[in-house]
Protein chains: 2
Amino acid sequence: MTDRSGSGGHRPAARLSKGRPSESARPASGVDRVFHALGDPTRRAIVEKLSSEGPVSVSQLAAPLLITLAAVVQHLQVLEVSGLVRTEKVGRVRTCRMEPAGLMLIEQWVSERRSLWQRRFDRLGDLLAEEE
Amino acid sequence: MTDRSGSGGHRPAARLSKGRPSESARPASGVDRVFHALGDPTRRAIVEKLSSEGPVSVSQLAAPLLITLAAVVQHLQVLEVSGLVRTEKVGRVRTCRMEPAGLMLIEQWVSERRSLWQRRFDRLGDLLAEEE
DNA sequence: CTAATTGTCAAGCTAATACTTAAGTATTTT
DNA sequence: AAAATACTTAAGTATTAGCTTGACAATTAG
């Protein structure tokens, strides 16, 4: 999985229209995809199900969610592209499983936020100590 | 910050319309709000900026993002409700800062996913060992 | 072989959303 | 006091997206 942390490219050049801006021309990074994927409650529920109950079929995902197969397939597509889920079709059954590695980008991003913030916090502490 | 992990309540009763379902009547949990907030690249960029550069004003957030103040204010609202950001107005300037505690829900969620998955993985390992 | 099951794909529908503008308020500077 | 600055709020706009239906294909069961 290509690892391009950061939120680059979300701001295109000056826009000419008043409505919602269309998606950036810049390809989405790994982090973009993962956070986008988990930004939806249904998709989070899918990942949760796969982590706790293991590999299940598309139908088995759809049932408790009370949504159509087609809706599930759409979500799975997003999850697969993000690297959080892997699916495999054997016969007419597609089995879905969670990819734990997919969570690493999130952890890294959070970790980075923390350490950058901590660094600033510490610097402030030093400044205050200096003034005494 | 109320801590209600999990993705409950995203699936309402049988729907009567074909369009996108409207938001669940059930109140969004902390995790819902945090993931929803970070599901947007602009909001992630805001959090990144606050973590690395420290407290900045609304204007200072808007400038590099090349979006209007009003847009930033909308994003800040989402971020504040999620607990990731805190703002404070002194005079005419509103200063925004990152709340590191807001990241904990994410870490917990990811952590849970990992351990549940790992548990299943280990169980499978035991089964296979048993068969030999 | 037919019927049932599982999934796929395309198109449509409706709600959400990320931005804008415009008008206004409050504070600070000149 | 007037002008400039920083923000706020409401309403509008265009795009995205999460769901559905309908038609179809492939596999399995009877």
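Preceding this paragraph is the structure being described.
Residue numbering note: each chain is counted from 1, following its sequence as written. Throughout, the order in which chains and ligands are written sets their labels, letters from A for the former and numbers from 1 for the latter. Residues qualify for local features only when their pLDDT is at least 70, as the model is predicted, and side-chain atom pairs are given and counted only at 80 or more; totals for whole chains, interfaces and linings, by contrast, use all residues. Hydrogens and water are ignored here; the side-chain numbers use all heavy atoms of the structure.

## A closer look at unusual backbone geometry
Residue and element names in this part refer to chain A. Unusually for a residue other than glycine, Leu 66 sits at a positive phi of about 60°. Only DSSP runs of H or I reaching four residues or more are called helices, and only runs of E reaching two or more are called strands; each is numbered from the N terminus. Position of Leu 66 among the secondary structure elements: in the loop between helix H3 (58-65) and helix H4 (69-82). Residue burial is assigned from relative accessible area. The probe radius is 1.4 Å, only protein chains are included, and a residue is buried under 20% of its type maximum, exposed over 50%, and partly exposed in between. Since its relative accessible area comes to 57%, Leu 66 is described here as exposed.

## A few points about the pairing of strand E2 (residues 85-90) of chain B
Paired strands are those between which DSSP finds at least two bridges. Pairing of E2(B) with strand E3 (residues 93-98) of chain B, which is carried by six bridges, proceeds in the antiparallel orientation. Each residue of the ladder has a partner; that of B:Glu88, found in E3(B), is B:Thr95.

## Describing the pattern of salt bridges
Residues and elements named next belong to chain A. In what follows, salt bridge is the name for a side-chain nitrogen of Lys or Arg lying within 4 Å of a carboxyl oxygen of Asp or Glu. Summed over all chains, the structure comprises twelve salt bridges over all chains. For Lys 49, the salt bridge goes to Glu 53, with nearest N and O atoms at 3.5 Å. Of this pair, Lys 49 and Glu 53 are both found in helix H2 (residues 41-53), four residues apart, which corresponds to roughly one turn of the helix. Between Glu 99 and Arg 86 there is a salt bridge, with the nearest N and O atoms lying 2.6 Å from each other. Of this pair, Glu 99 sits in the loop between strand E3 (93-98) and helix H5 (104-130) while Arg 86 sits in strand E2 (residues 85-90); the two residues are 13 residues apart in sequence, bridging distant segments of the chain. For Glu 99, a relative accessible area of 23% translates into the label partly exposed. Judged by relative accessible area, which is 40%, Arg 86 ranks as partly exposed.

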